[in-house]
Amino acid sequence: MVAAPTPILTPTLVPRPLRIAAAIGWRLLVVAAALFVLGTVVAYLSPIVVPVAIALLLAALLDPLVHALVVRRVPRGVATALVVVGGLAVLGGLLTFVVMTFVSGAPQLGAQLATSVGEMTRWLTDGPLRLSPQQLGDIPQQLLAAVNANQASIATSALTTAATIGELFTEVLLMIFTLIFFLYGGSQIWTFLTKVAPRTARARVDVAGRRGLAALVSYTRATGAVAVVDAVAIGLGVGLLGVPLALPLAALVLLGAFVPIIGAVVAGGVAVLVALVSQGFVSALIVLAIVIAVMQLESHILQPLLLGRAVKLHPLAVVLAVATGLLVGGIAGALLAVPLLAVLNSGIRSLLSPLDRHVAPENVHTSEPEDSGPADAGLDREADL
């Protein structure tokens, strides 16, 4: 007797849903592996990638100033030097002002903090909680014991501070050096990079890249304008209430607003805490109401008006991008996440646009906000990312 042949597992014997799930599954695994390798490489090269990315962001913000000087017949090299030196002077002066004002106002805040702590202690002992003085008296000893137990880690942190400052100084120099070349010869750098793409797709890639850069320029302009409005509104509100350190708090809001949503909220939270320490609960509630009103003004009026529909991003996409950037790259990741999303949004929609197949790269002007997205209504003008 001849044994019956073993049936071969052919595709027809595998259920169609299982074949589809397997095909999608292994493709997802390949994409996940590629993203993991890319993320590992970017993380390893972060001391280079982050300064270059920040330089690109600053170049998008400062390039209109360079262009305005060039139009007035100022040599591009001189215009670049003037803008870079002026921008660094303004940023350095702003940071110095914030730090020095906070340092000079620290004794006053310390005295007010001591008064607030005393009032809080009396509320804890005489209020509804009825804590005993012995329970409250153990808190300083517990804090001291915690500090003594972690002296080794504190010493290690102090030893690594010098290395961190050295690395930061090196990255700042790299950022400035890259910014100078982006402002002086950014178009030549982009033309060189497009040669990596196949010749048949080079024009489409060029147009998509220019769309992405236009979106980045629009984003930085709008973010700068929103940051100024936030700083002026919160600074005026805090100043009218008589809260100390109103000017440095406004400057802190100005810097924090460049991290969408989270930055302004954190800076506003600092203003609320200062108001709570200096003037009490009622003043802190008023400052909180001002911060919330400014956030509503920003999200519902300023951003839609200034960003326009071409670079409009859904608030959920912005929050998820900032949270992911903060988790992956810390403060730098949170700062760069939304600009990267805006660039990818316009670039991918340009590649998907049938009309952009007939657009010449030289007809896309990166300094014009309307050039940040293709003209297809269904691709970039109606749907939000």
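Each value, and the rule that gives it
Residues numbered from 1 in each chain as written. Predicted model: local features only at pLDDT ≥ 70, side-chain atom pairs only at ≥ 80, totals over all residues. Heavy atoms only, no water. Helix = DSSP H or I, 4+ residues; strand = E, 2+ residues; numbered from the N terminus. Buried < 20%, exposed > 50% of the residue type's maximum accessible area, 1.4 Å probe, protein only. Contact = heavy atoms within 4.5 Å. Areas by Shrake-Rupley, 256 points an atom, 1.4 Å probe, with all protein chains shown as cover. Salt bridge = Lys/Arg side-chain N within 4 Å of Asp/Glu carboxyl O. Axes fitted to C-alpha atoms, helices over the stretch in contact; angles between N-to-C directions. Parallel < 35°, antiparallel > 145°, perpendicular 65-115°, else oblique. Nonpolar A, V, L, I, M, F, W, Y, C, P; charged D, E, K, R; others polar. Core = buried A, V, L, I, M, F, W, Y, C linked by side-chain atoms within 4.5 Å. Expected span 1.5 Å × (residues − 1). Bend = angle between axes of the 7 residues up to and from the residue.

Q: Could you give me a rundown of the overall build of the chain, with the residues and numbers involved?
A: The helix and strand tally for the chain stands at 11 helices and zero strands. For the chain, the N- to C-terminal ordering of α and β elements is α-α-α-α-α-α-α-α-α-α-α. Here the chain holds 385 residues, and the buried ones make up 30% of them. Long-range pairs, those at least 24 residues apart, make up 72% of the contacts in the chain between residues at least 6 apart in sequence. With the model as given, the accessible surface of the chain reaches about 23400 Å², and the carbon-plus-sulfur share is 75%.

Q: Which residues make up the pattern of salt bridges, and what values do they have?
A: Scanning all chains against the criterion turns up two salt bridges. The shortest N-O distance in the salt bridge between R76 and D63 comes to 3.5 Å. On the criterion of sequence distance, the pair formed by R76 in helix α3 (residues 76-126) and D63 in helix α2 (residues 46-71) is long-range, its members being 13 residues apart. On the basis of relative accessible area, D63 is assigned to the partly exposed category, the value being 24%. Note that R210 is salt-bridged to D206, the shortest N-O span being 2.9 Å. Taken together, the residues span about one helical turn, with R210 and D206 both in helix α6 (residues 202-240) at a distance of four residues.

Q: Break down the packing of helix α1 (residues 16-44) against α2 for me, citing the residues and quoting the values.
A: At a minimum axis distance of 5 Å, the contact between α1 and α2 shows a crossing angle of 85 degrees. Viewed along their axes, α1 and α2 adopt a mutual orientation that is roughly perpendicular. Listed contacts from α2 to V42, A43 and Y44 of α1 are S46, P47 and V49. Of the residues contributing to the contact of α1 with α2, the split by class is five nonpolar, one polar and no charged.

Q: Give me the lowdown on the nonpolar core, citing residues and values where you can.
A: Ranked by size, the top nonpolar core spans 18 residues in total, and within it I234, V238, V243, L249 and V287 carry the most contacts. Mapped onto this core, the elements with two or more residues apiece are α6, α7 (246-256), α8 (262-279) and α9 (281-307). Per-element tally for this core: the top contributor is α8, with six residues. Look past the residues within four positions of V287 in its chain and what remains in contact with it is V238, L241, V243, A271, V272 and A275. Membership of the second largest hydrophobic core comes to 16 residues, among which are L313, V318, V322 and L336.

Q: Talk me through helix α10 (residues 315-352); I want residue IDs and the actual numbers.
A: The terminal C-alpha atoms of α10, which comprises 38 residues, lie only 23 Å apart, well short of the 56 Å expected from a rise of 1.5 Å per residue. Of all the bends in α10, the largest measures some 150 degrees and sits at G329.

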